[in-house]
Amino acid sequence: VPALFRASRVGGEQGRHKTGPWASRQGCLCVRLTRIGSCVMVRVYPSDQEQEPTMTSMADLCPILQAVFGPVADRIARQTGCVQRALRLTGATLVQTLVFGYRANPTASLAELTQMAARLGVTITPQGLAQRCTAPLAETLRRLLAVAIQPTIGRRAEWSPLLAAFPGGIWLVDSTTISLPDDLASDWPGCGGGAGQGAAALKVHPVFDLASGALGRLDLTPGRASDRSSVAQHTPLPPGSLRVHDRQYVTLAVLRDLQASGSDWLSRWHATIQIAGADGIAWTELAQRLTQLAGPDGWVDVPVLLGAHAQLPARLLAFRLPPEQADRQRAEVKRRAQRAGYTASDQARALADWLLVITSVSPERLSAREVLVLLRARWQIERLFRRWKQHGLLAVWHSAASEQILCEVLAKLLGCLLDHWLVVVACWELPERSLDRASRAVGAGMIVLASVVTDAVALTRELERLADIIRATCRITRRRARPNLLQLFADPTRQPLPGESPIDPRPATFDLAA
């Protein structure tokens, strides 16, 4: 082991050790060391694997939790001045009180949070706790979140051929906005005046792997920041991966960079991207051209060129929507135009009859039904936001003091990250998992975990017990007529095209041998 450490480079890079007892069997080993405060997480795997295997266990997760909510929190609290004299309430205890307290009870009052502090061995009054919810504590929580997201926590699901088709992962990119008091507008400026958008807001940008559940990034920006200019927009992905994003993230520069790095992409079409045929001539009347190309089944799958200059080869899929869906989409086009102060064009109203998808993946690798399954899978990041906001009440605060509100939001966001880790490690690779039920189970067990967070043996035992509970009880209900997403990943041929009736060739099953 000492030789293994000497042959490696600390800091998250990979080192190779070509001598030793394993060399004759494995050729050489790859070692990945991730430093988290004073702890170093070590992973060793054969060098012939293209990527590090993403199969975190509860035993792996235990030292990460203890480091993040222990010495790392203490160090950051001293750096920010949040804790100057650690007589009773240390930085770690203060962070644990807020994070575990709000995750166990998102509507907790200060008095209820002091009960969590008492479980951690500290007696403090509600007034004393309120006095510590200041700007330095908010900065401590923000920095701690940036450190906590560094280790890769995931368990890759191998039961679906569609997930296995992209060994680098299927990465979802999106953002969600949290309104803040107007007093915080200087640090967190919002969009100012829109529906649900005040003078101050915070925007969360996760980069989320659907195949393993791993969070590649979790960035915080002011609510006014554009999604297109965010750090998440330019996050490099592993080779062999697929990025699925909504149309507000579509820029030709980003799509070109993804393809140059060996990754693929899939998205709905954005109206600012010009589409041309294989001959390079732009399709000015796009709706009319789609009507001409559509076959008797009502959909189009053709190679195209994107952009007016330095055109990017791509694949366009267009599906004619049923009349009721087209009417809803046309009404939304009109509503957006009225809100922005202009009149929707005839072309925009005509294109409301179609669902337009662009991708870099060829038809040989991805069928039209599989494209629709992956486009539907993009909503999994919206469901992640929903779990954070419904189970963790991320966008709800219970104070009148602006600094205390910011501390509550950041502590809840750390609690949501902890919740996501536990759910992923407990059940992500299972084909019948229910993430909503698993998240509720994590919230119910948070008090027990907080009580043993400093004891490695007891914490590992309780984490394993929580994982057993989730695997045994948190399963999704299978459906015959309208299959859920996991069933579609197991059998993409059951995905109906727009206008088709739900496909039910046989009873729903997760028989992997079939």
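Everything here concerns the structure above.
What comes next concerns the included structure. Think of each chain on its own: its residues are numbered from 1, step by step along the sequence as written. A pLDDT threshold of at least 70 governs which residues receive local features in this predicted model, and a stricter bar of 80 or more applies before side-chain atom pairs are shown or counted, although totals over entire chains, interfaces and linings include all residues. Each side-chain value is derived from all of the structure's non-hydrogen atoms; neither hydrogens nor water enter the calculation.

**Quick look at the packing of helix α15 (residues 402–427) against helix α18 (residues 456–473)**
And then number 1: At their nearest, the axes of α15 and α18 sit 9 Å apart, and the two run at 65° to each other. One finds that α15 runs roughly perpendicular with respect to α18. Handedness of the α15/α18 crossing: right-handed. Note on element contacts: α18 touches α15 through L463, L466, A467, I470 and R471, opposite L422, V425, A426 and C427.
And then number 2: Polarity classes work like this: nonpolar for Ala, Val, Leu, Ile, Met, Phe, Trp, Tyr, Cys and Pro, charged for Asp, Glu, Lys and Arg, and polar for all others, with Gly in that last group. Considering only residue class, the contact of α15 with α18 consists of 8 nonpolar, no polar and 1 charged. Axes, fitted as lines to C-alpha atoms, cover a helix only where it is in contact. Angles between the N-to-C directions of the axes lie from 0 to 180 degrees. Helical segments are the DSSP runs of H or I of at least four residues, strand segments are the runs of E of at least two, and each set is numbered from the N terminus. Note on angle classes: values under 35 degrees are labelled roughly parallel, values over 145 roughly antiparallel, values of 65 to 115 roughly perpendicular, and the remainder oblique. Two helices that cross are described as forming a left-handed crossing if the nearer one is turned anticlockwise from the farther one by less than a right angle, and a right-handed crossing if clockwise. The contact criterion used is simple: two residues touch if any of their non-hydrogen atoms lie within 4.5 Å.

**Digging into helix α7 (residues 135–148)**
And then number 1: By definition here, a helix of n residues has an expected span of 1.5 Å times n minus one. The end-to-end C-alpha distance of α7, which contains 14 residues, comes to 20 Å, matching closely the 20 Å that a straight helix rising 1.5 Å per residue would cover.
And then number 2: Within α7, burial applies to L137, A138, T140, L141, L144, L145, V147 and A148.
And then number 3: Next to the buried residues of α7 lie α3 (58–80), α4 (91–104), α6 (126–132), β7 (215–222) and α15. A simple rule labels every residue: compare its accessible area, found with a 1.4 Å probe on the protein chains alone, to the largest value its type can have, and call it buried under 20%, exposed over 50%, or partly exposed in between.

**Some thoughts on the pairing of strand β9 (residues 264–268)**
And then number 1: With respect to burial, β9 is a largely interior element, 4 of its 5 residues being buried.
And then number 2: When DSSP locates at least two bridges between a pair of strands, those strands are taken to pair. Here strand β8 (residues 242–245) runs beside β9; their pairing, made up of 4 bridges, is parallel. Bridged to H245 within β9 is S267.
And then number 3: A crossover counts as right-handed when, viewed with the strands pointing away from the observer, the path leading from the first strand over the helix to the second turns clockwise. For the crossover that starts at β8, traverses helix α9 (residues 252–260) and ends in the parallel β9, the hand is right-handed.
And then number 4: Summarising the sheet, β9 and strand β13 (residues 354–359) pair through 3 bridges and their orientation is antiparallel. Along β13, the bridge assignment pairs L266 with T359.

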